[in-house]
Amino acid sequence: MNKNTLKLAKLLPKNILSRDVVRSILEQEIQAMDSKIIFLDLSKIEFISRSAAHELLKMKERFEYNSNNKKEIIFKDLSPGVAAMIRIVAANKAYSVNREAEFKPKRVNIGDLVKI
Amino acid sequence: MQKITVPTPTKDNLTDQFISLYQVLLEIIKGNDITFEFSRSEKIYPLITLPLCALIRDKSYKYLLAKSSVLKSNGINFPHGTNKIKATEYQIPIIFLSNKPTAQARDQLIGDFVEKLYTFMTPVAGVKDAIFHPISELIANIFEHSHKDEGWAFAQLNSGKKCLDICIVDSGRGLRESYKQEKNFNISDADAIGQVMIGNSTKLYNERGYGVRSSKKLICQGLKGSFLIFSGKAALIAESRDEELIELDKAIWNGVVLAYRIPLLKEPINIYPYLE
């Protein structure tokens, strides 16, 4: 393995679900690498949750804007699903839509549903 | 000792399951030294069973099971749940989620739970993602918001084995208290559910707060299922584009109960247009 490539499937479960896993394992591993350009190889990662993708992008930013230990993170070999999730979250980080108007439920009291 | 018979829902839908749960919670308010009697339950509804498991653990309530109860099956691990999924076991178990020993182990357990549910679906493109997205987001909220480092998940085949009923429960601080503590909002339980549904995160980042909302959208619109969220004295039940926000007079849930029903998926699905 190249010294500037980190194969996620060797480090994390094939389904990356929580922010904690990105923060506690991946970030430390990258921190310890000497290279200034790190390739994150996501081949064999089958699913990434929205939260974990958000944390991954935040981590990428932290490294790229860290003046003491600046590193460029480049994702590679993503499955279509993993790529789609990262693109959706990245787009939303850049510009989130106003969502307020869309929630207009019918308000009812439990007594309307059942006589207890 | 007060015996509370766990009622079987009149109809086989989330609303009637919720009413059965509400009736049990009302009885709890009235009584003490409580024993749940599961003897009349012929089917297992996670929305009813799982919150009671949480109460049995948290409040040390007692329980009685009929001799022939499916809940007695070793594979279900009623009432305390398991942190290990056996691939050879047909039954879907109650899983007990915790940060211990590690978040990585928890992710592995959730992954194994999803793989178990996937065995009941047709293995076509996108189906596993469709199971993973709501479960991962809704469970993540327990560990990011509830201030209680434990929760439960459970699922069963129902409605003539054509649907999967899934429930996720925590007994943490609940939605209203989260908004009060994190954002200084003084709002009702119903309005707290409303804040979740418009994606107003209790965290400072504007780019967060999409998990529950996108899960509901995927379940109701993408998978043609139904969805429920219950916290404090309010619950939202959503089916397709119809949504009812129900305000309760008495019974409360300290924490958050999430439940949804999805049909067994047979066709390829692309979940990503439903996410934001």
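The structure presented is a predicted model; accordingly, all values stated were derived computationally and were not measured. (Residues numbered from 1 in each chain as written. Chains lettered and ligands numbered in written order. Predicted model: local features only at pLDDT ≥ 70, side-chain atom pairs only at ≥ 80, totals over all residues. Heavy atoms only, no water.)

Visitor: What is the right way to read the side chain of Ser-98 of chain B from this model?
Guide: Residues and elements named next belong to chain B. Tracing the sequence through the fold places Ser-98 in strand E4 (residues 95-98). Of the polar contacts made by the side chain of Ser-98, one reaches the backbone nitrogen of Lys-100; its length is 2.8 Å. Setting aside chain neighbours within four positions, we find Ser-98 in contact with Arg-106, Phe-143, Asp-149 and Glu-150. (Helix = DSSP H or I, 4+ residues; strand = E, 2+ residues; numbered from the N terminus. Polar contact = N/O pair within 3.5 Å; in protein donor to acceptor, adjacent residues only side chain to side chain. Contact = heavy atoms within 4.5 Å.)

Visitor: Would you mind going over the sheet that holds strand E2 (residues 34-37) of chain B with me for this structure?
Guide: Sheet strands pair via backbone hydrogen bonds, and the direction of the pair is either parallel or antiparallel. Residue and element names in this part refer to chain B. Spatially, three strands are ordered E1-E2-E3 in an open sheet, and the strand pairing comes out parallel. Strand pairing shows two members of the sheet lacking a second neighbour, strand E1 (2-5) and strand E3 (62-64), which therefore form its edges. The sheet shows a mean angle of 30 degrees between the axes of neighbouring strands, direction not considered. Across four bridges, the pairing between E1 and E2 is parallel. Note that in E2 the partner of Lys-3 across the bridge is Thr-35. Lying on the sheet, helix H1 (residues 14-30) is in contact with E1 and E2; it crosses E1 at an angle near 170 degrees. (Pairing = 2+ DSSP bridges. Axes fitted to C-alpha atoms, helices over the stretch in contact; angles between N-to-C directions.)

Visitor: Can you walk me through the interface of chain A and chain B in this structure?
Guide: Bring the parts together and some accessible area is lost; that lost area is often taken as the interface size. The interface of chain A with chain B comprises 40 residues on the first partner and 48 residues on the second. Contact between chain A and chain B buries roughly 4000 Å² in total, counting both sides, with carbon and sulfur atoms accounting for 55%. In this assembly, chain A and chain B are joined by seven salt bridges. Between Glu-46 of chain A and Lys-128 of chain B there is a salt bridge whose closest N-O contact spans 3.7 Å. For the pair chain A and chain B, the number of links is 16 residue pairs in polar contact (both at pLDDT 80 or more). For the side of chain A that touches chain B, the secondary-structure elements that each account for two or more residues are strand E2 (15-16), helix H1 (19-31), helix H2 (50-64), helix H3 (80-94), strand E6 (106-109) and helix H4 (110-113) of chain A. A per-element tally of the side of chain A that touches chain B places H3 of chain A first, with six residues. Per-class residue counts for the side of chain A that touches chain B are 19 nonpolar, nine polar and 12 charged. Sheet topology note: the E6 of chain A/strand E9 (residues 242-247) of chain B ladder contains four bridges and is parallel. If you follow Asn-109 of chain A over to E9 of chain B, its bridge partner there is Glu-247 of chain B. (Buried area = accessible area lost by both parts, 1.4 Å probe. Salt bridge = Lys/Arg side-chain N within 4 Å of Asp/Glu carboxyl O. Nonpolar A, V, L, I, M, F, W, Y, C, P; charged D, E, K, R; others polar.)

Visitor: Any chance you could explain the packing of aromatic side chains here in plain terms?
Guide: How two aromatic rings sit relative to each other is set out by the distance from centre to centre and by the angle between their planes. On inspection of all chains with the given rule, the structure shows nine aromatic pairs over all chains. Seen from their ring centres, Phe-36 of chain B and Phe-38 of chain B are 6.4 Å apart, and the 70 degrees between their planes marks the pair as edge-to-face. With relative accessibility at 0%, the residue Phe-36 of chain B sits in the buried group. Using a relative accessible area of 2% as the deciding quantity, one classes Phe-38 of chain B as buried. Considering the side-chain rings of Phe-36 of chain B and Tyr-61 of chain B, the 5.6 Å spacing of their centres and the 85 degrees angle between planes classify their relative orientation as edge-to-face. In this pair, Phe-36 of chain B sits in strand E2 while Tyr-61 of chain B sits in the loop between helix H2 (46-59) and E3, placing the two residues 25 residues apart along the sequence. An aromatic cluster is built from Phe-36, Phe-38, Tyr-61, Tyr-63 and Phe-78 of chain B, whose rings are joined through pairwise contacts. Geometry around Phe-75 of chain A places Lys-60 of chain A over its ring, the cationic atom sitting 5.9 Å from the centre. A cation over an aromatic ring shows up here: Arg-106 of chain B above the ring of Phe-143 of chain B, its NZ or CZ 3.9 Å from the ring centre. (Phe/Tyr/Trp six-rings, centres within 6.5 Å; stacked < 30°, edge-to-face > 60°. Buried < 20%, exposed > 50% of the residue type's maximum accessible area, 1.4 Å probe, protein only. Lys NZ or Arg CZ within 6 Å of the ring centre and 35° of its normal.)

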